[in-house]
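Residue strings, one per chain:
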Amino acid sequence: MLIYADNAATTAVSKKAVEAMLPYFTQQYGNASSIHTAGQMANKAMQEARADISNILGCEPKELIFTSGGSESDNQAIVSAALLGAKKGKKHIISSKIEHHAVLHVLDKLKKEGYDITLLDVSPEGIVSAADVEAAIREDTALVTIMFANNEIGTLQPIAEIGEICKKHGVIFHTDAVQAVGHVPINVKEMNIDMLSFSAHKFHGPKGIGGLYVRKGIRLSPLIEGGAQERGLRAGTENVAAIVGMAAALKEQVENMDKNAEKLKKMRDRLMDSVLAAVPRSRVNGDRQKRLPGNVSFCFEGIEGESLLLMLDSMGICGSSGSACTSGSLDPSHVLLAIGLPHEIAHGSLRLTFSEYNTEEEIDYIINAVPKVVSRLRDMSPMWERIVKEDK
Amino acid sequence: MLYSEKVMDHFMNPRNVGKIDDADGVGEVGNAKCGDIMKIYLKVEDDIITDVKFNTFGCASAIATSSIATEMIKGKPISEALKLTNKAVVEALDGLPPVKIHCSVLAEEAVKAAVADYYKKQGKELDEEFFSCSGCCSACEHGEEHTH
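In this text the structure is predicted, and so the values were computed from the model without any measurement.

1. Re the overall build of chain B
Turning to step 1, where the next piece is worked out: Per the secondary structure count, chain B includes five helices and three strands.
Turning to step 2, where the next piece is worked out: Walking chain B from its N terminus toward its C terminus, one meets helices and strands in the order α-β-β-β-α-α-α-α.
Turning to step 3, where the next piece is worked out: Taking all 148 residues of chain B together, 57% fall into the buried category.
Turning to step 4, where the next piece is worked out: The long-range fraction of contacts in chain B, counting pairs at least 24 apart against all pairs at least 6 apart in sequence, stands at 61%.
Turning to step 5, where the next piece is worked out: For chain B, the accessible surface area stands at approximately 6600 Å², while carbon and sulfur atoms represent 48% of it.

2. Some words on the interface of chain A and chain B
Accessible area lost when the parts come together is the quantity often used to give the size of an interface.
Turning to step 1, where the next piece is worked out: Facing 23 residues of chain A, the contacting portion of chain B comprises 28 residues.
Turning to step 2, where the next piece is worked out: The largest per-residue losses of area from chain A upon contact with chain B belong to A:Leu310, A:Met380 and A:Pro382, which jointly make up 27% of the total buried on that side.
Turning to step 3, where the next piece is worked out: Inspection of the chain A/chain B interface yields three salt bridges.
Turning to step 4, where the next piece is worked out: Across the pair A:Glu385 and B:Lys19 runs a salt bridge, and its minimum N-O distance is 3.4 Å.

3. Some thoughts on empty space enclosed by the protein
Residue and element names in this part refer to chain A.
Turning to step 1, where the next piece is worked out: Across all of its chains, the model carries two cavities of 30 Å³ or more by this definition.
Turning to step 2, where the next piece is worked out: Estimates place the volume of the largest cavity at around 220 Å³.
Turning to step 3, where the next piece is worked out: In terms of lining, the largest cavity is formed by 20 residues, of which the most central are His183, Leu264, Leu292, Gly294 and Phe354.
Turning to step 4, where the next piece is worked out: A total of four residues in the lining of the largest cavity trace back to one element, the largest contributor, which is helix α9 (residues 257–278).
Turning to step 5, where the next piece is worked out: In terms of residue class, the lining of the largest cavity is made up of seven nonpolar, eleven polar and two charged.

4. What to know about the packing of helix α10 (residues 305–314) of chain A against helix α14 (residues 360–379) of chain A
All names here are of chain A.
Turning to step 1, where the next piece is worked out: At a minimum axis separation of 10 Å, α10 and α14 run at an interaxial angle of 130 degrees. What the angle tells us is that α10 and α14 run oblique. Here the hand of the crossing between α10 and α14 comes out right-handed. In this structure, α10 contributes Ser307, Leu308, Met311 and Leu312 to the contact, and α14 contributes Ala369, Val370, Val373, Val374, Arg376 and Leu377.
Turning to step 2, where the next piece is worked out: Partitioning the contact of α10 with α14 into residue classes produces eight nonpolar, one polar and one charged.

5. Focus: the sheet that holds strand β10 (residues 295–300) of chain A
Hydrogen bonds along the backbone pair up the strands of a sheet, which may run parallel or antiparallel.
Residue and element names in this part refer to chain A.
Turning to step 1, where the next piece is worked out: Read across the sheet, three strands follow the order β9-β10-β12 without closing on themselves; strand pairing throughout is antiparallel. The outermost strands of the open sheet, each flanked by one partner alone, are β9 (282–284) and β12 (349–353). Pairs of neighbouring strands in the sheet enclose a mean axial angle of 25 degrees, with direction left out of account.
Turning to step 2, where the next piece is worked out: Sheet analysis places β10 next to β12, joined by five bridges and oriented antiparallel. Paired with cysteine 299 across the strands is serine 349, a residue of β12.

6. Let's talk about the packing of helix α2 (residues 60–73) of chain B against helix α5 (residues 101–122) of chain B
All names here are of chain B.
Turning to step 1, where the next piece is worked out: Two elements in contact, α2 and α5, have axes whose closest approach is 9 Å; the angle formed by their N-to-C orientations is 40 degrees. As the angle between them shows, α2 and α5 are arranged oblique. Here the hand of the crossing between α2 and α5 comes out right-handed. Where α2 approaches α5, its residues Ser61, Ala62, Thr65, Ser66, Ala69 and Ile73 are matched on the opposing element by Cys103, Ser104, Ala107 and Val111.

7. Structural notes on the pattern of salt bridges
Turning to step 1, where the next piece is worked out: In the structure shown here, the tally under the stated rule is 30 salt bridges over all chains.
Turning to step 2, where the next piece is worked out: The residue A:Arg270 makes a salt bridge to A:Asp364 at a minimum N-O spacing of 2.8 Å. Placement of the pair is A:Arg270 in helix α9 and A:Asp364 in helix α14, with a sequence separation of 94 residues.
Turning to step 3, where the next piece is worked out: For B:Asp51, the salt bridge goes to B:Lys74, with nearest N and O atoms at 3.7 Å. Taken as a pair, B:Asp51 in strand β3 (residues 48–57) and B:Lys74 in the loop between α2 and α3 (78–81) lie far apart in primary sequence, 23 residues in all.
Turning to step 4, where the next piece is worked out: Under the relative-accessibility criterion, B:Lys74 is labelled partly exposed at 37%.
Turning to step 5, where the next piece is worked out: When salt bridges that share partners are traced, they join A:Lys266, A:Arg270, A:Glu360 and A:Asp364 into one network.

8. Quick notes on the packing of aromatic side chains
Turning to step 1, where the next piece is worked out: With the rule as written, the count across this model stands at two aromatic pairs over all chains.
Turning to step 2, where the next piece is worked out: Look at B:Tyr118 and B:Tyr119: their rings are 6.0 Å apart centre to centre, the planes differ by 50 degrees, and that puts the pair in the tilted class.
Turning to step 3, where the next piece is worked out: A residue is classified by how much of its surface remains accessible, and B:Tyr119, at 13% relative accessible area, is buried.
Turning to step 4, where the next piece is worked out: Taking the ring centre of A:Trp384 as reference, the NZ or CZ of A:Arg378 above it sits at 3.8 Å.

9. Topic: the nonpolar core
Generally speaking, soluble globular proteins have nonpolar side chains that are buried together.
Turning to step 1, where the next piece is worked out: Of all hydrophobic cores here, the largest spans 71 residues; its most connected members are A:Leu271, A:Phe300, A:Leu352 and A:Phe354.
Turning to step 2, where the next piece is worked out: Tallying contributions element by element places α5(B) first for this core, with ten residues.
Turning to step 3, where the next piece is worked out: The contacts of A:Phe354, once residues within four sequence positions are left out, are A:Ala5, A:Asn7, A:Leu264, A:Met267, A:Leu271, A:Gly294, A:Val296, A:Ile363 and A:Ile366.
Turning to step 4, where the next piece is worked out: Among the nonpolar cores identified, the runner-up in size contains 64 residues, and A:Leu64, A:Val128, A:Val133 and A:Val144 belong to it.

10. Comments concerning a nonpolar patch on the surface
Turning to step 1, where the next piece is worked out: On the surface, A:Val13, A:Val18, A:Leu22 and A:Phe25 cluster together into a nonpolar patch covering about 330 Å² of accessible area.
Turning to step 2, where the next piece is worked out: Among the structural elements, A:Phe25 can be located in helix α2 (residues 23–26).

11. Thoughts on the pairing of β3(B)
Residue and element names in this part refer to chain B.
Turning to step 1, where the next piece is worked out: Here strand β2 (residues 36–45) pairs with β3 via nine bridges, running antiparallel. Counted as the bridge partner of leucine 42 is valine 52 from β3.
Turning to step 2, where the next piece is worked out: From the end of β2 to the start of β3, which pair antiparallel, there are two residues, and aspartate 46 there has a positive phi angle of about 50 degrees.

12. Looking at the environment of A:Lys290
Residues and elements named next belong to chain A.
Turning to step 1, where the next piece is worked out: As for its position among the elements, lysine 290 is in the loop between β9 and β10.
Turning to step 2, where the next piece is worked out: Lysine 290 sits in the partly exposed class, given a relative accessible area of 49%.
Turning to step 3, where the next piece is worked out: As a C-alpha pair, lysine 290 and leucine 156 span 134 residues in sequence and 5.4 Å in three-dimensional space.
Turning to step 4, where the next piece is worked out: Ignoring sequence-local partners within four residues, the contact set of lysine 290 consists of Ile127, Gly154, Thr155 and Leu156.

About the cut-offs
- Residues numbered from 1 in each chain as written.
- Chains lettered and ligands numbered in written order.
- Predicted model: local features only at pLDDT ≥ 70, side-chain atom pairs only at ≥ 80, totals over all residues.
- Heavy atoms only, no water.
- Helix = DSSP H or I, 4+ residues; strand = E, 2+ residues; numbered from the N terminus.
- Buried < 20%, exposed > 50% of the residue type's maximum accessible area, 1.4 Å probe, protein only.
- Contact = heavy atoms within 4.5 Å.
- Areas by Shrake-Rupley, 256 points an atom, 1.4 Å probe, with all protein chains shown as cover.
- Buried area = accessible area lost by both parts, 1.4 Å probe.
- Salt bridge = Lys/Arg side-chain N within 4 Å of Asp/Glu carboxyl O.
- 1 Å grid on protein atoms, 1.4 Å probe; cavity = no way out; pocket = protein on both sides within 12 Å on 5 of 7 lines; lining within 4 Å.
- Points joined across faces, edges and corners; volume = space filled by probe spheres on them.
- Nonpolar A, V, L, I, M, F, W, Y, C, P; charged D, E, K, R; others polar.
- Axes fitted to C-alpha atoms, helices over the stretch in contact; angles between N-to-C directions.
- Parallel < 35°, antiparallel > 145°, perpendicular 65-115°, else oblique.
- Left-handed = near helix turned anticlockwise from the far one by under 90°.
- Pairing = 2+ DSSP bridges.
- Phe/Tyr/Trp six-rings, centres within 6.5 Å; stacked < 30°, edge-to-face > 60°.
- Lys NZ or Arg CZ within 6 Å of the ring centre and 35° of its normal.
- Core = buried A, V, L, I, M, F, W, Y, C linked by side-chain atoms within 4.5 Å.
- Patch = residues over 30% accessible without salt bridge, like charges linked within 9 Å, V, L, I, M, F, W, Y side chains within 5 Å.

Below you can see the structure in the form of structure tokens.
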């Protein structure tokens, strides 16, 4: 048995997406920039994909460029807005403490280059306050960048509210929507979003492809120089097969969004309730309601996340953790620390993220397995021994 | 795979897990903030370690290094246990990823802390050479100031 519960890391490519892609490897393999028939067929497929995705996001096809994925889109959006700001003497950027590293590390770099960065705190439920965003806006604010949904704890941010505030103050608003596109309703115009990053492999599309929506009137700077692809904003031969696959996956995902969300929320809530009831000294991270339909994030006191992951893996369950040992650094997840968890509790985190391909039977299996693994590790944990002693 | 088969074996089937209620020496190193604590219990007769148990809070390599360290000192004279190095622990596990080397240091220090406790209980002098602080964890009394 193999239960894949790490859909926030990546997803299976849908059958429809695979079928849509296949002709573009061996039959319609032309270079979309070539003027001959083969090239123009590829170009047509790419433009159809662009129209489909734009339609779903609520923007014009001209406002969408294809990139290699979420990280590239985040980098390009932030760097472009920073350069535009600097031209007007604006070198202040507002973001939050729970952003993905594809945002935070770009901001670190900009800070070294003389930009002033404000990273907003979040509530203990993992939500950025729109009022805090407004209070942080200054005369010299060039950009607000707040993620749509958090990748670790799944919390949904008040994007429409922040969009309205940014519009009112004339500040560019970018959102890293990598975890949200295809999972929750998004309309960039209605939500006053100026720039939005997304990645296909988070919604059953292929890896290595994504996109960046940029509102008309905001000038992007290319990260990759070369040919004139994507109107000179992103050089490199277009990955037509992946672009077509991304559009097919997103269309399918959006058509089934309500149905999938309903199914996932039911599984998510049952898993959270059952594990909390079965495991003492456990908690759910992030707001219980304002979260992605498929995201479950736990912390178990007295144990460490990597051991938990590997033991669950040995039972056929693929999850993820924000412990120091799994992050490759010495500190546990910055997101768990930002919601106010002490290091010792943040070390014992477990993230399980689901897609509509998961089943209720799999949830049953996980509900049965997690408490067993937690107690096995607690039985050999001197920290758990201490916690039990202190309780007495 | 991130870990060697040996590490996975000692993690999934750890040897000598448990506690000894009437231990002759107990050593605890690491701290919760850093994400690993190792506690080693010794039973000593005529300077021979007749029994050893461990409890560990930490990642798979912390559990595996504790497990193999207890195996390496069980039935050995105290003097030999003191010579256990983190390098020997790493070798016995067929290697550890670079970011996990500190776990092997912790295992070495946990053994030494347990022996130090045994010496203290016996009223014996500690040989400074074996109990120098590597500064890697909070094993010694310097405590928090040089935790990672």
